[in-house]
Amino acid sequence: MENIKVELGKDSYTIAVERGLWDTLGQRIRQVSQADKAAILTDASVDALYGAGLEEKLRAAGFDVRRLVMPPGEDHKNLETFTRMVRECADFGMTRKDLVISLGGGVPGDLGGYVAASYLRGVAFIQIPTTLLSQIDSSVGGKVAVDLPEGKNLVGAFYQPKAVFIDPDLLQSLPPRYLHDGFAEVVKCAAFGDKDLFARLETLESDADILREAPLLISRCIRIKVKVVEEDVRDTGARMVLNFGHTIGHAVERFYHYEKYTHGEGVAIGMIRLTRRTEALGLTQPGTADRIARLLSRHGIPVDDPIATKDVIAGIAMDKKKRGNRITLVIVPALGSSLLKNISMDELEPYVERES
């Protein structure tokens with residue numbers, strides 16, 4: 001077992017990573033919460049696999065439980081679903097003493113956190129991520145949000161969980177595409193933050209290898225993220241390095257209405273498109289993009305899309321990370337290192353155009 005402490009003063013919490021942790025979740029959650037009622041916010045796919053089991057464990061630990069189930073998919077991470085969920089919390093009679101538990105991937109994690117942050121101006125919440133992407137990324141750091149038609153995560157808050165419980169064995173139930181979706185974010189973390197981890201990733205040949213190494217991959221990526229979150233909770237400086245690949249990736253996802261690519265696939269396309277351009281501009285060591293692309297392609301993750309430059313720029317114009325007419329790009333000069341480059345939107349085209 002590994003317990004990783006996120007040191008944020010009064011908002012500090014612990015991330016537990018352990019195979020088989022699922023079996024003891026009821027007792028673990030009772031140790032960090034004296035709530036009477038626990039609302040499990042999840043989606044229908046995850047609920048079918050794990051909802052009843054978690055409810056049973058919580059009831060055995062003395063909680064009154066209700067499962068709040070949303071349809072699966074990014075297109076349901078919206079204000080309509082949010083409204084339904086907070087009204088269900090009210091119907092359940094939850095008070096400020098009570099608890100929201102997000103169970104699933106990044107969509108119920110983000111939405112459940114925003115419900116907890118908003119209902120009664122804030123109730124406690126716990127993250128139980130069940131995908132590789134949510135285990136290493138969205139469950140850590142306190143970003144909670146919903147999407148608007150104009151873009152991803154445009155309505156939200158910074159709101160830290162009471163705890164995060166990660167059981168790598170839950171990844172066994174993931175379809176291969178969604179295991180690879182998370183693996184793309186593992187590659188992202190290693191590319192900007194840990195060249196030794198990147199070299200280790202290059203030794204993994206199969207999904208079985210990824211699952212075998214999952215506890216180590218999860219812990220290493222979380223430690224990278226925790227370090228920058230502790231330094232920059234509200235994403236105004238150092239934490240921006242976590243957005244490597246995201247600026248272009250979000251634009252690609254938005255262009256296809258979140259239907260063609262998963263989040264990790266969008267990030268993969270964004271990493272490669274930007275890094276090929278920064279190599280051409282002399283900002284990145286030659287061969288870096290090819291090395292990242294080979295690793296992603298080995299696991300069936302797309303690394304290119306023909307989306308036009310103007311459509312990428314239009315998507316970035318709606319990016320919540322834009323400040324006025326400026327955007328900060330995360331560049332990888334060499335594997336394991338990063339550079340934040342703040343540019344005006346007028347200067348953006350050479351960084352996002354597709355290589356011919």
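Residues numbered from 1 in each chain as written. Predicted model: local features only at pLDDT ≥ 70, side-chain atom pairs only at ≥ 80, totals over all residues. Heavy atoms only, no water.

Visitor: For the overall build of the protein chain, give the residues involved together with the corresponding values.
Guide: For the protein chain, the helix and strand inventory stands at 13 helices and 11 strands. The C-alpha radius of gyration computed for the protein chain amounts to 20 Å, which stays within 12% of the reference 21 Å derived for 356 residues, consistent with globular compactness. Projected onto its principal axes, the C-alpha coordinates of the protein chain cover approximately 60 × 40 × 35 Å. Relative to its full complement of 356 residues, the protein chain shows a buried share of 57%. The contacts in the protein chain between residues at least 6 apart in sequence include a share of 74% that link residues at least 24 apart. As displayed, the protein chain has an accessible area near 14,200 Å², and 49% of this comes from carbon and sulfur atoms. (Helix = DSSP H or I, 4+ residues; strand = E, 2+ residues; numbered from the N terminus. Rg over C-alpha atoms; globule rule 2.2 N^0.38 Å. Buried < 20%, exposed > 50% of the residue type's maximum accessible area, 1.4 Å probe, protein only. Contact = heavy atoms within 4.5 Å. Areas by Shrake-Rupley, 256 points an atom, 1.4 Å probe, with all protein chains shown as cover.)

Visitor: Explain empty space enclosed by the protein to me, using residue names and the numbers behind them.
Guide: For the coordinates displayed, the defined rule picks out two cavities of 30 Å³ or more. Volume-wise, the largest cavity comes out at about 100 Å³. Around the largest cavity, the lining residues are Glu150, Gly151, Lys152, Leu154, His250, Ala251, Arg254, Tyr258, Gly315, Met318, Asp319 and Lys320. Each residue belonging to the lining of the largest cavity can be placed in one class, and the counts come to four nonpolar, three polar and five charged. Here the second largest cavity is characterised by a volume of approximately 60 Å³. Every residue lining the second largest cavity is listed: Asn243, Gly245, His246, Thr247, Ile248, Gly270, Leu274, Leu329 and Val330. Going through the elements one at a time, α9 (246-255), α10 (263-280) and β10 (326-331) are the ones with two or more residues in the lining of the second largest cavity. For the lining of the second largest cavity, the element with the most residues is α9, which contributes three residues. (1 Å grid on protein atoms, 1.4 Å probe; cavity = no way out; pocket = protein on both sides within 12 Å on 5 of 7 lines; lining within 4 Å. Points joined across faces, edges and corners; volume = space filled by probe spheres on them. Nonpolar A, V, L, I, M, F, W, Y, C, P; charged D, E, K, R; others polar.)

Visitor: An account of α10 is needed here, citing residue identities and associated values.
Guide: Here α10 spans 26 Å end to end across 18 residues, near enough to the 26 Å set by a 1.5 Å rise per residue. Within α10, 15 of the 18 residues are buried, leaving the element largely enclosed by the surrounding structure. Just past α10, the residue Gly282 takes up positive phi, approximately 80 degrees. (Expected span 1.5 Å × (residues − 1).)

Visitor: Break down the environment of Ser297 for me, with residues and values.
Guide: For Ser297, the location among the structural elements is in helix α11 (residues 288-298). A relative accessible area of 40% means that Ser297 is categorised as partly exposed.

Visitor: Requested: an account of the layout of surface pockets, with residues and values cited.
Guide: Empty space among the atoms becomes visible once a probe the size of a water molecule is rolled across them. In this structure, the second largest pocket encloses a volume near 280 Å³. Lining the second largest pocket we find 15 residues, and of these Lys10, Asp11, Tyr159, Gln160 and Pro161 sit closest to its centre. Along the lines of polarity and charge, the residues of the lining of the second largest pocket split into nine nonpolar, two polar and four charged.

Visitor: An account of the pattern of salt bridges is needed here, citing residue identities and associated values.
Guide: Enumeration according to the criterion identifies 30 salt bridges in this entry. One salt bridge in this structure joins Glu265 and Arg177, with 2.8 Å as the shortest N-O distance. Remark: Arg177 occurs in helix α6 (residues 176-193) and Glu265 occurs in helix α10; sequence separation between them is 88 residues. The residue Asp209 makes a salt bridge to Arg212 at a minimum N-O spacing of 2.9 Å. Of the two residues, Asp209 and Arg212 both sit in helix α8 (residues 207-231), three residues apart, roughly one turn of that helix. Each of Asp47, Glu55, Arg59, Asp64 and Arg67 takes part in one network of salt bridges that share partners. (Salt bridge = Lys/Arg side-chain N within 4 Å of Asp/Glu carboxyl O.)

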